[in-house]
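Below, each chain spelled out in residue letters.
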Number of protein chains: 2
Amino acid sequence: MVTKQLRGATARPIKKDDADLARADSLAREIFADIANKWALLIVETLGDDTLRFTELRDGIEGISHKMLTQNLRLLERNGLVERTVHPTVPPRVEYTLTEPGRGLRATVDAMCDWTHRHLGAIESARHRFDGV
Amino acid sequence: MVTKQLRGATARPIKKDDADLARADSLAREIFADIANKWALLIVETLGDDTLRFTELRDGIEGISHKMLTQNLRLLERNGLVERTVHPTVPPRVEYTLTEPGRGLRATVDAMCDWTHRHLGAIESARHRFDGV
DNA sequence: CAGGATCCTAGGGGATACTG
DNA sequence: CAGTATCCCCTAGGATCCTG
């Protein structure tokens, strides 16, 4: 589970503490569900250190639909990972960038991508082995 | 995108190289899609250093259905992240454990979980701000 | 106990059209 | 250009039953 094993750490479990832990738990699960999804992670990864417009993001992420992009951007914005700046020009110009916490998450996503690339070969052969049987 | 920016690195892009890069790309995307999903990541995280039976995993991951568990376990097995050992006893005993590459991925998932827990507060207030408006 | 196979529904997610 | 709303289809995924 997402929960870190620090349950038994407190001297004597008081009721209120348990309730707090439970709340933190379900919150963590909720956040994890928001974040641990293909599109959200790809958006974070694509944004990187840049400031990108809606269309630039859309073009940068192959296969993402208009709808999924807006939807996930709202989610990320709501969780404070992405900052959205609207320039009141015409036509409108909306820019997205990672917030400080967002960049923190990005580091871990980077690690995941690195991992993927380092294991491309191993995974490919594992697949062949599996499919062959 | 998952693709690392090493496209322009080669001296002169020869056709074959491009084709290879494209293949690696789509493979990376495929793997990423397999892995960057809530259940797969939770399974990896839950397995950790342990060797768990099907039912233990099922009980350890709150909210996962029988079907989703088997489905994702097969996927992880196919990609060589999880090893499945069947003990031909009766009733059967099937154990799952992370492979070496699987443990590598686990490290990055751990980082993601850590990140989540460190930012619980920040995210919660970001949400209130967002929802309040 | 592990896990296929089947059925069936909710909602994820695409395409399109409309506003500011 | 960015974003919302509508329609609609298709599949992810839950519940259930059946085998070794």
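Keep in mind the model is a prediction, meaning the values are calculated, not measured.

Definitions and cut-offs
Residues numbered from 1 in each chain as written. Chains lettered and ligands numbered in written order. Predicted model: local features only at pLDDT ≥ 70, side-chain atom pairs only at ≥ 80, totals over all residues. Heavy atoms only, no water. Near = heavy atom within 4 Å. Polar contact = N/O pair within 3.5 Å; in protein donor to acceptor, adjacent residues only side chain to side chain. Helix = DSSP H or I, 4+ residues; strand = E, 2+ residues; numbered from the N terminus. Nonpolar A, V, L, I, M, F, W, Y, C, P; charged D, E, K, R; others polar. Contact = heavy atoms within 4.5 Å. Buried area = accessible area lost by both parts, 1.4 Å probe. Salt bridge = Lys/Arg side-chain N within 4 Å of Asp/Glu carboxyl O. Buried < 20%, exposed > 50% of the residue type's maximum accessible area, 1.4 Å probe, protein only. Pairing = 2+ DSSP bridges. Least-squares fit on C-alpha atoms with pLDDT ≥ 70 in both. UniProt positions renumbered as here; feature names shortened; annotations may be inferred.

**Describing the protein's contact with DNA strand C**
Then step 1. Looking at DNA strand C, there are 16 residues lining it, with A:Ser65, A:Lys67, B:Thr55, B:Arg84 and B:Tyr96 nearest.
Then step 2. When atoms of DNA strand C within 4 Å of the protein are sorted by moiety, sugar and phosphate together comprise 62%.
Then step 3. Interatomic distance of 2.2 Å between a side-chain N/O atom of A:Ser65 and a phosphate oxygen of DNA strand C.
Then step 4. Those elements giving two or more residues to the surface near DNA strand C turn out to be α4 (66-78) of chain A together with α3 (54-60), α4 (66-78) and β3 (93-98) of chain B.
Then step 5. Looking at which element gives the most residues to the surface near DNA strand C, the answer is α4(B), with 4 residues.
Then step 6. Across the surface near DNA strand C, the residue classes tally to 7 nonpolar, 4 polar and 5 charged.

**Observations concerning the protein's contact with DNA strand D**
Then step 1. The environment of DNA strand D is made up of 14 residues, and the closest members are A:Thr55, A:Arg84, A:Tyr96, B:Ser65 and B:Lys67.
Then step 2. Backbone atoms, meaning sugar plus phosphate, form 60% of the atoms of DNA strand D positioned within 4 Å of the protein.
Then step 3. Note that a base nitrogen of DNA strand D is positioned 3.0 Å from one of the side-chain N or O atoms of A:His66.
Then step 4. B:Lys67 places a side-chain nitrogen or oxygen 2.4 Å from a base oxygen of DNA strand D.
Then step 5. The set of elements that each furnish at least two residues to the surface near DNA strand D consists of α3 (54-60), α4 and β3 (93-98) of chain A together with α4 of chain B.
Then step 6. Across the surface near DNA strand D, the residue classes tally to 7 nonpolar, 3 polar and 4 charged.

**Quick look at the interface of chain B and chain A**
The accessible area lost on association of the parts is a frequent measure of interface size.
Then step 1. Across the contact, 51 residues belong to chain B and 51 residues belong to chain A.
Then step 2. Buried surface at the junction of chain B and chain A, both sides included, amounts to about 4,900 Å², of which 67% is carbon and sulfur.
Then step 3. Of all residues in chain B, the largest losses of buried area upon contact with chain A belong to B:Arg78, B:Trp115 and B:Arg127, amounting jointly to 15% of the total for that side.
Then step 4. Taken together, the connections running from chain B to chain A amount to 6 salt bridges.
Then step 5. The salt bridge involving A:Arg78 is made with B:Asp131; its shortest N-O contact spans 2.4 Å.
Then step 6. Taken together, chain B and chain A are joined by 16 residue pairs in polar contact (both at pLDDT 80 or more).
Then step 7. For the side of chain B that touches chain A, the secondary-structure elements that each account for two or more residues are α1 (15-35), α2 (38-47), α4, α5 (100-118) and α6 (120-132) of chain B.

**Comments concerning the pairing of β3(A)**
All names here are of chain A.
Then step 1. For β3, the buried fraction is high: 5 of the 6 residues fall into the buried class.
Then step 2. The sheet contact formed by strand β1 (residues 51-53) and β3 spans 3 bridges and is antiparallel. Bridging from a neighbouring strand, Thr 51 pairs with Thr 97 of β3.
Then step 3. With 6 bridges joining them, strand β2 (residues 82-87) and β3 adopt antiparallel strand pairing.

**Concerning the environment of B:Val86**
All names here are of chain B.
Then step 1. As for its placement among the helices and strands, Val 86 is situated in strand β2 (residues 82-87).
Then step 2. With a relative accessible area of 46%, Val 86 lands in the partly exposed category.
Then step 3. Once you skip the residues sitting within four places of it in the chain, Val 86 turns out to touch Arg 93 and Val 94.

**Observations regarding the relation of the copies chain B and chain A**
Then step 1. When chain B is fitted to chain A, the best match, at an RMSD of 0.0 Å, comes from turning it 180 degrees and sliding it 0.0 Å along the axis. With respect to symmetry, the two chain copies, as superposed, fit the operation of a two-fold axis. It is B:Asn37 whose C-alpha, among those of chain B, lies nearest the rotation axis, at 2.5 Å.
Then step 2. When the interface residues of chain B are mapped onto chain A, 100% of them are again interface residues, pointing to one common binding face.

**Points about the pattern of salt bridges**
Residues and elements named next belong to chain B.
Then step 1. On inspection of all chains with the given rule, the structure shows 16 salt bridges over all chains.
Then step 2. Here Glu 77 ties to Arg 74 by a salt bridge, and the two come within 3.7 Å at their closest N and O atoms. Of this pair, Glu 77 and Arg 74 are both found in helix α4, 3 residues apart, which corresponds to roughly one turn of the helix.
Then step 3. Look at Arg 74 and you get partly exposed, because its relative accessible area is 30%.
Then step 4. Where Glu 95 meets Arg 93, a salt bridge forms, and the shortest distance between an N and an O atom there is 3.2 Å.

**Describing the UniProt feature "domain: HTH hxlR-type" (unreviewed entry) in chain A**
Then step 1. In this structure's numbering, the residues bearing the UniProt feature "domain: HTH hxlR-type" (unreviewed entry) are residues 24-124 of chain A.
Then step 2. Within residues 24-124 of chain A, the helical portion is 65% and the strand portion 15%, while the C-alpha atoms at the span's ends are 39 Å from each other.

**A few points about the side chain of B:His119**
Then step 1. With respect to the secondary-structure elements, B:His119 resides in the loop between α5 and α6.
Then step 2. Within the local environment of B:His119, its side chain forms a polar contact with the backbone oxygen of B:Trp115, the two atoms lying 2.8 Å apart.

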